[in-house]
Amino acid sequence: MGKTKRSKTPGGNKVMTTMTANPLLPDAFDMSDVVALVSRLNNTIATLTGQIEKERKAHKLQVARLDKKASEDSKQKEELMRLVAELTEENRKLREQNSKNPGNSNLPPSSQGYGKPPVGKDRKDSEKKSAARNTRSLRTKKGGHKGGQLGSRDTGGFSAPVPDETNELFHFSNQCAACPDLCECMDKHMASTGPARNEYGFKILTVRTIHKTCSLLCPKDGKLKSGAYPAGISGSNQYGNSIRELSIALVMRGITSYRRVQEILSYHTGTNIAVGTIHGHVVSFAQKCKQLCEDIKEYLVSQQYVGADETGLRADGHLMWVHTLCDKLATYLESNKKRGNAGMDEIGLISALGDGTVLTSDFWSAYKKYGNIVNAFCLAHLERELVAAAEREPGSATLFQELQTLLQAICHERNECVGNGIDTMDSHTLKKFKRKYDKIIKNLKQSFPPVTKRPDGSTRGKIAQGRTRSLISRFENYKDSILRFAEDFNIEPTNNLSELSLRNSKVTQAVRKCFRNEQGLENYCYMQSVFDTVGKAKTKVLAFIREIYRGQASVLMRSMLGLKMQT
């Protein structure tokens, strides 16, 4: 082995080859040494190849373990991210639920309990805190003076009744009162008497009326003719209508328990009336009111403008629903185990309304499923939802406040027209309001675009839009129903009539906590329907209770509602 070395010579190119010695190999060796060397090299290569393959497999296994761990870590990370998203959403919902109050939701004022904002003790303190306290109130100042407004009914102080009995008392000094010559001094030495001061009171007298039937032998036909006891006189002893009237007044109007009514009546009348007897009076009176409720239902189904609402009450250990249908003259309440269309269909009043009847209600979906009515939605409910949306989305609170201010302006303009005797709003003004309404809705839609994909990537079912976007869609899709009160002044802007008709039921539940059975709740609905209707007619409820026992209530009820008298 050697290297070829080229050198140039003057005579031309000549190649000279020389062999250089390799220090690793001997100068002389035979083929056996070469074979042994190659063999050792092959063994070394094989060993190195095995080691490399072993390391490669170990590396591959380690990579696989790392990939598996990375995959598990990725899945764990995704699960943690999903859990964080769920907890974040749950936290948001809980915060939103906790921030609800009567000003931004449908919660009643009583739901705040002891958490109500404090009222200032003096006028200056009250004025300072009024802005902070009333930030969520939907009521606005009307510019009137404090106290009774013009046209309000005022008793003008003490109203003296006409006495049935008068007693006159003279008061002397303690020394004169103990003197034995007082009578003589009154006749001879009376100097003067002070101005009279009247004290009015009452006393309850227990009156026993004895009923006897008489039998007479008629001289004309020779037959024996006997009289009959009046209705309600069925036993040897019974309580009269005056005690029945007072029992009903205390139970229903005073929201007093049967036991306390028994204590009051026993003390003032001297009769040991039983609790069961009072309950019997209430049940029999409720059946009389049930007959009057038929007149109320006949009136309501014939009206063009009505309102509806529902509320939950506890009866017999479970939740019951009280549905109401009312207008300015009448109220009808009925209980049912179901809240939605199933319960309404069992009652059958809304489905019995005439075609084109305008029903004012909240946005409960059950009211939208009747084809015979025209929906008009309560403005107060929408304003509370706008307040909640402004608190939920502070970055766009100005837009929600603009929409709330616009609705209040439309309502104010409508009330101004009604107060001035104008039947309809000016068309130009109404169009101006509607253009501004559309502009605000357009800006809100740009600020809150619709959700097109679910966070989890699924494609089944309807995509949830969230409360804010759903509220905007409601204002867009139900514009005509929301602003219907501005076009027809017979439609009330709010559903306050229905809310007021249910308020007594909530007060009753707050006092009694529940009704013992479903029949008790049903009886309550019959009686409260009559009482609320009578109150709307500016008739004294206690006087109407007496007319019910006299049997003249049906005539009075049909007269109040403008119904034809039954023959």
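Along each chain, numbering runs from 1 in the same order as the chain's sequence is written. Only residues with pLDDT of at least 70 are given local features in this predicted model, and only at 80 or more are side-chain atom pairs given and counted; all residues enter the totals for whole chains, interfaces and linings. Note: side-chain values were computed over all heavy atoms of the structure, leaving out hydrogens and water.

Burial classes follow relative accessibility: with a 1.4 Å probe on protein chains only, a residue under 20% of its type's maximum area counts as buried, one over 50% as exposed, and anything between as partly exposed. In DSSP terms, a helix is any run of H or I states spanning at least four residues, a strand is any run of E spanning at least two, and both are numbered starting from the N terminus. Burial runs high along strand E6 (residues 318–326): seven of the nine residues are buried. We call two strands paired when DSSP finds no fewer than two bridges between them. Bridge count for strand E5 (residues 305–315) against E6 is nine bridges, and the pairing is antiparallel. Along E6, the bridge assignment pairs Ala315 with His318. Hairpin connection of E5 to E6: two residues between the antiparallel strands, including Asp316 at a positive phi of 55 degrees. Relative to strand E7 (residues 331–336), E6 is paired through six bridges, and the arrangement is antiparallel.

The rule for a salt bridge is simple: a side-chain nitrogen of Lys or Arg has to be within 4 Å of a carboxyl oxygen of Asp or Glu. With the rule as written, the count across this model stands at 20 salt bridges. Put simply, Glu245 and Arg546 hold a salt bridge, and the shortest N to O gap is 3.2 Å. Remark: Arg546 occurs in helix H17 (residues 541–550) and Glu245 occurs in helix H5 (residues 241–253); sequence separation between them is 301 residues. You can call Glu245 buried: its relative accessible area is 12%. Arg546 sits in the partly exposed class, given a relative accessible area of 41%. As a salt-bridge pair, Asp438 and Lys479 come within 2.9 Å of each other at their nearest N and O atoms. Residue Asp438 is located in helix H11 (residues 427–447), and its partner Lys479 is located in helix H13 (residues 479–482); the two are separated by 41 residues in the primary sequence. Of the residues examined, Asp438 reaches a relative accessible area of 38% and is grouped as partly exposed. Linked through salt bridges whose partners overlap, the residues forming this network are Glu79, Arg82 and Glu86.

Two cysteine sulfur atoms form a disulfide, by the criterion used here, when they sit within 2.5 Å. One pass over the structure, following the stated rule, counts zero disulfides. Of the cysteine sulfurs around Cys176, a residue in no disulfide, the closest is that of Cys179, at 6.9 Å.

Once that is clear, we can look at the pairing of strand E8 (residues 357–361). Most of E8 sits out of view: five of its five residues are buried. A two-sided burial pattern is seen for E8, the buried positions comprising Thr357, Leu359 and Ser361 on one face and Val358 and Thr360 on the other. The sheet contact formed by E5 and E8 spans three bridges and is parallel. Opposite Val306, over in E8, you have Leu359 as the bridge partner. Where E8 and strand E9 (residues 373–377) come together, five bridges link them in parallel fashion. For Val358, the partnering residue across the bridge sits in E9 and is Val374.

Next up on the list: the packing of aromatic side chains. The criterion for an aromatic pair is that two Phe, Tyr or Trp rings (for Trp, the six-membered ring) have centres within 6.5 Å, with stacked assigned to planes under 30 degrees apart, edge-to-face to planes over 60 apart and tilted to the rest. Counted by the stated rule, this structure contains eight aromatic pairs. Here the aromatic rings of Phe363 and Phe377 are separated by 4.0 Å at their centres, their planes lie at 20 degrees, and the arrangement is stacked. Here Phe377 lies in strand E9 and Phe363 lies in the loop between E8 and E9, a separation of 14 residues in the sequence. Each member of the pair Phe363 and Phe377 is classed as buried.

Before going further, it helps to spend a moment on the confidence of the model for the protein chain. In the predicted model, the protein chain carries a mean pLDDT of 85, and the fraction of residues at 70 or more is 86%. pLDDT expresses how confident the predictor is about each individual residue, on a scale running from 0 to 100. Any two residues whose heavy atoms approach within 4.5 Å are treated as being in contact. In this model, residues 1–20 is a region of pLDDT below 50 whose contacts with residues beyond four sequence positions or in other chains number 20 contacts. In this model residues 120–135 is a low-confidence stretch, pLDDT under 50, and it forms eight contacts with partners more than four residues away in sequence or in other chains.

Before going further, it helps to spend a moment on the sheet that holds E7. Ordered in space as E7-E6-E5-E8-E9, the five strands form an open sheet in which the pairing is mixed. Of all strands in the sheet, those with a lone pairing partner are E7 and E9, marking the two edges. Between one strand and the next, the sheet's axes are offset by a mean angle of 30 degrees, whatever the strand orientation. Each of E5, E6 and E7 touches helix H15 (residues 496–512); the most contacted strand, E5, lies at about 15 degrees to it. Angles here are taken between N-to-C directions and fall from 0 to 180 degrees, while the axes themselves are lines fitted to C-alpha atoms, restricted in helices to the stretch in contact.

As a further point, take a nonpolar patch on the surface. Each patch is built from residues that are more than 30% exposed by relative accessible area and take part in no salt bridge. Like charges join if they lie within 9 Å; nonpolar side chains (Val, Leu, Ile, Met, Phe, Trp, Tyr) join within 5 Å. The accessible surface values rely on the Shrake-Rupley method and a 1.4 Å probe; as for residues, cover is taken only from the protein chains in view. Judged by side-chain polarity, Leu37, Leu41 and Ile45 come together as a nonpolar surface patch covering roughly 260 Å² of accessible area. Note on placement: Leu41 falls in helix H1 (residues 31–98).

Our focus in this paragraph is the environment of Glu89. Positionally, Glu89 belongs in helix H1. By relative accessible area, Glu89 is classed as partly exposed at 35%. Counted as a polar contact is a pair of N or O atoms within 3.5 Å, where, for protein atoms, one must be capable of donating a hydrogen and the other of accepting one, and residues adjacent in sequence contribute only when both atoms are in side chains. A distance of 2.5 Å separates a polar atom in the side chain of Glu89 from a polar atom in the side chain of Arg92.

With that out of the way, let us pick up unusual backbone geometry. Here the phi dihedral of Ile255 falls at roughly 50 degrees; this positive angle occurs in a residue that is not glycine. Considering the arrangement of structural elements, one finds Ile255 in the loop between H5 and helix H6 (258–269). Here Ile255 falls in the buried class, since its relative accessible area comes to 15%. Residues other than glycine seldom take positive phi values, yet Lys513 does so here, at roughly 75 degrees. Its location among the elements puts Lys513 in the loop between H15 and helix H16 (518–536).

Quick look at H16 now. Expected span of a helix: the number of residues minus one, times 1.5 Å. End to end, H16 covers 27 Å across 19 residues, agreeing with the expected 27 Å (1.5 Å per residue, within 8%). Burial analysis of H16 places 14 of its 19 residues in the buried class, the great majority of the element. Between a side-chain oxygen at the N-terminus of H16 and the backbone nitrogen of Gln519 the separation is 3.3 Å; the capping residue is Asn517. Directly beyond the C-terminal end of H16, a positive phi value near 60 degrees is found at Lys538.

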